[in-house]
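# Commentary on secondary and tertiary structure
As a plain string of letters, each chain reads:
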Amino acid sequence: MNYEHTLDYLFNALPMFQRVGASAFKKDLSNTIALCNHLNNPQHKFKSIHVAGTNGKGSSSHAICSVLIEAGYKVGLYTSPHLKTFTERIKINGQEIPDADVIAFVAENKRFLDEIKPSFFEMTVGMAFWYFAKEKVDIAVIEVGMGGRLDSTNVIQPEVCLITNIGYDHMQFLGDTLEAIAGEKAGIIKENTPVVISQRQAATTPVFQAIAAEKNAPIYFAEDFIQIEKAATHNSGSYQIRISDKQFQLELDLKGNYQQKNLAGIIQTIQVLRDLGYEITQEHLKCGLNKVVKNTGLKGRWQQLGDNPMIICDTGHNQDGISQILNQINEYTFNKLWMVIGMVNDKDLDKVLAILPKEADYIFVEAKIPRALPAEELAILAKKYKLQGLVISDVNMGLEYAKKNAAQDDLIFIGGSTFVVAEINDL
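Residues numbered from 1 in each chain as written. Predicted model: local features only at pLDDT ≥ 70, side-chain atom pairs only at ≥ 80, totals over all residues. Heavy atoms only, no water.

## Observations regarding the overall build of the protein
Quick note on the threshold: Each helix corresponds to a stretch of at least 4 residues labelled H or I by DSSP, and each strand to a stretch of at least 2 residues labelled E; elements are numbered beginning at the N terminus. We compute the radius of gyration over the C-alpha atoms and compare it with the globule rule, which gives 2.2 Å times the number of residues raised to the power 0.38. Burial classes: relative accessible area under 20% of the type maximum marks a residue as buried, over 50% as exposed, and values in between as partly exposed (1.4 Å probe, protein chains only). Residues are treated as being in contact if the distance between any of their heavy atoms lies within 4.5 Å.
When you go through the protein residue by residue, the secondary structure sums to 17 helices and 17 strands. For 427 residues, the compact-globule estimate of 2.2 N^0.38 gives 22 Å, and the protein sits close to it at 21 Å. When each of the 427 residues of the protein is scored for burial, the buried share is 59%. Across the protein, the fraction of contacts at a sequence separation of at least 24, relative to all contacts at a separation of at least 6, is 73%.

## Some thoughts on the pairing of strand β9 (residues 226-230)
Keep this limit in mind: In short, DSSP must find at least two bridges between two strands for them to pair.
Only one face of β9 is covered, namely the one carrying Ile-226, Ile-228 and Lys-230; the face carrying Gln-227 and Glu-229 has none of its residues buried. Alignment of β9 against strand β10 (residues 238-243), held across 5 bridges, turns out to be antiparallel. Bridging across to β10, Gln-227 finds its partner in Arg-242.

## Considerations on unusual backbone geometry
Cis geometry is adopted by the peptide bond preceding Pro-81, which originates at Ser-80 and carries an omega value of -10 degrees. Mapping Pro-81 onto the fold places it in the loop between β2 (75-78) and β3 (90-92). Within the chain, Asn-216 stands out as a residue other than glycine whose phi angle is a positive 55 degrees. Along the chain, Asn-216 falls in the loop between α9 (205-214) and β8 (219-221). For Trp-302, which is not glycine, the phi torsion reads 45 degrees and is therefore positive. By secondary structure assignment, the location of Trp-302 is in the loop between α12 (292-296) and β12 (303-306). Look at Trp-302 and you get buried, because its relative accessible area is 3%.

## Remarks on the sheet that holds β9
The condition that has to hold: Axis definition: a line fitted to C-alpha atoms, over the contacting stretch in the case of helices. Angles run 0 to 180 degrees between N-to-C directions.
Taken in spatial order, the 3 strands of this open sheet run β9-β10-β11, and their pairing is antiparallel. Two strands lie at the open edges of the sheet, namely β9 and β11 (246-251), each paired on one side alone. Within the sheet, the average angular offset between the axes of one strand and its neighbour, ignoring direction, is 25 degrees. Across the sheet, helix α10 (residues 259-275) lies against β9, β10 and β11, angled at about 145 degrees from β9, the strand it touches most.

## Thoughts on the sheet that holds strand β1 (residues 47-52)
With mixed pairing, the 8 strands of this open sheet are ordered in space as β4-β3-β2-β5-β1-β6-β7-β8. Two strands in the sheet have a free side with no partner beyond their single neighbour: β4 (95-96) and β8. The pairing of β2 with β3 spans 3 bridges and is antiparallel. Residue Tyr-78 lies in a different strand from β3, and its bridge partner there is Ile-90. Against the sheet, helix α6 (residues 120-134) makes contact with β2, β3 and β5 (139-143), and its axis sits at roughly 15 degrees relative to β3, the strand it touches most.

## What about the pattern of salt bridges?
Test applied: Salt bridge, as used here, is a side-chain nitrogen of Lys or Arg placed within 4 Å of a carboxyl oxygen of Asp or Glu.
One pass over the structure, following the stated rule, counts 11 salt bridges. Across the pair Asp-224 and Arg-200 runs a salt bridge whose closest N-O atoms are separated by 2.8 Å. In this pair, Asp-224 is assigned in the loop between β8 and β9 and Arg-200 in the loop between β7 (195-197) and α9, connecting sequence segments 24 residues apart. Under the relative-accessibility criterion, Asp-224 is labelled partly exposed at 42%. Across the salt bridge formed by Lys-403 and Glu-400, the nearest N and O atoms sit 3.1 Å from each other. Here Lys-403 pairs with Glu-400, and both are found in helix α16 (residues 395-405), just 3 residues apart, close to one helical turn. Residue Lys-403 is classed as partly exposed on the basis of its relative accessible area of 30%. Looking at Glu-400, the relative accessible area reads 35%, which means it is partly exposed.

## Focus: helix α8 (residues 178-185)
Test applied: Here the arc refers to the directions that run from the helix axis out to each C-beta atom.
Buried within α8 are the following residues: Leu-178, Ile-181, Ala-182, Glu-184 and Lys-185. Taken down its axis, α8 places every buried residue within 160 degrees of arc, on the same side.

## Digging into the confidence of the model for the protein
Cut-off, in case you're wondering: A residue's pLDDT is the predictor's confidence in that residue, given on a scale from 0 to 100.
On average, the protein scores 92 in pLDDT, and the residues at 70 or more come to 94%. A low-confidence stretch, residues 20-24 stays under pLDDT 50, and its non-local contacts, those more than four residues away or across chains, total 11 contacts.

## Here we look at the packing of helix α1 (residues 3-12) against α6
The following threshold applies: Small angles under 35 degrees read as roughly parallel and large ones over 145 as roughly antiparallel, with 65 to 115 read as roughly perpendicular and the rest as oblique. Here the term charged refers only to Asp, Glu, Lys and Arg, the term nonpolar to Ala, Val, Leu, Ile, Met, Phe, Trp, Tyr, Cys and Pro, and the term polar to all other amino acids, Gly among them.
For the pair α1 and α6, interaxial distance at closest approach is 8 Å and the crossing angle is 130 degrees. By the angle between their directions, the pair α1 and α6 is classed as oblique. The residues of α6 that touch α1, namely those facing Tyr-9, Leu-10 and Phe-11, are Phe-120, Met-123 and Met-127. Of the residues belonging to the contact of α1 with α6, the class tally is 6 nonpolar, no polar and no charged.

## Details of the packing of helix α3 (residues 30-38) against helix α5 (residues 99-116)
As a reminder, the rule being used: We call a crossing left-handed when the near helix sits turned anticlockwise from the far one by less than a right angle, and right-handed when that turn is clockwise.
For the pair α3 and α5, interaxial distance at closest approach is 11 Å and the crossing angle is 160 degrees. In this view, α3 runs roughly antiparallel relative to α5, as classed from their interaxial angle. Of the two elements, α3 crosses α5, and the hand of that crossing is right-handed. Between α3 and α5, the residues in contact are Asn-31, Ala-34, Leu-35 and His-38 and Asn-109, Phe-112, Leu-113 and Ile-116, respectively. Residues of the contact of α3 with α5, tallied by class, amount to 5 nonpolar, 3 polar and no charged.

## What about the packing of aromatic side chains?
The line we're drawing: Two rings from Phe, Tyr or Trp (for Trp, the six-membered ring) form a pair when their centres are within 6.5 Å of each other. A pair whose planes differ by under 30 degrees is stacked, one over 60 is edge-to-face, and the rest are tilted. Whether a charge sits over a ring depends on NZ of Lys or CZ of Arg being within 6 Å of the ring centre and within 35 degrees of the ring normal.
All chains considered together, the criterion is met by 12 aromatic pairs. Relative to Phe-364, the ring of Tyr-362 lies with its centre 5.7 Å away and its plane at 10 degrees, an arrangement referred to as stacked. For the pair formed by Tyr-362 and Phe-364, the shared burial category is buried. The ring of Phe-221 has Arg-200 sitting right over it, with the charged end atom 4.1 Å from the ring centre. Sitting over the face of the ring of Tyr-239, Lys-230 holds its NZ or CZ atom 5.6 Å from the ring centroid.

Listed below in structure tokens is the structure:
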């Protein structure tokens, strides 16, 4: 098979949560374990860092990867979903897995894949582990897809685990309380393996403490060790960091204010790695956090797409993520706010719609995936919350309409779903 045929096999022959949702979700690790055994357990042939959480796990994974690259390590990075190309999911030092390796993995293992019929995600995880082992990475940052306990990535034995924050998302799979969701995320905590928690939350702290104690895992609540203060100016990545009696400033190239919630966890994870013998200096930390986008190719996190009018996109897609986005929008001075919004059909949409600003002009769009909520249905739901606007299903046509009708001092935001951001032409 050539590359196009191989991608067709990956996307069409097997269920893919990104596209179809619940029917692709597997409730056990049996397929992943079988595939890893077939591949001679590549996940045990490299060091790793495991990152879970509701929001912030993608940004944190990329940031840790960037710091390790600056420190001179050969670093694998596995994340999901991809925005533009499948190969974004699997990178070494910011370079995507070559098409030839994607073809080789499927060609070499197709008979076994046809036999056990793993999900798209299970197969992609196996491919990442195979590639990182083959290329002999020094360490790989592995982002959990969903949850933790039953996620396909949860077969690694990491150096350290990081759990970013806990919010309401994927509740049909993970539970409808923060405690239940935290219990699933905490499933990545391993025996005698340090775990870092980015944010203390009243509902979830006891859950993490109990599971860490059960596993004899040293636990670090990052906020207890590191204080973060953001510069007053909006659209700035400047932060003042205090660790015990030391203070320093750093400039993060990810401009979303919500990164402040991730930073303590990122820095504490780096500190744990230092304690384990990794040679990471303060300069490596500063340079790595200043060059996350350059080093890793991360997109869609408070990304500015234009001026006059200001155009911002962000992949935040649940109540907590959208709330953080709206707080930052409110820091800007603008005449009118345009919201180009699309969502998927398996989210708790009411919680998101209830907090969206009623004075904005809305353009309701939908991504070209089966999980997308039809734009017409989103518009009808939005009316219940007094959100008014147009239905323009195509993401880029909706954005173009906003650009043509917005004044220079307006602000256009585009998001509501990772998959809406993924379809922006000029990302």
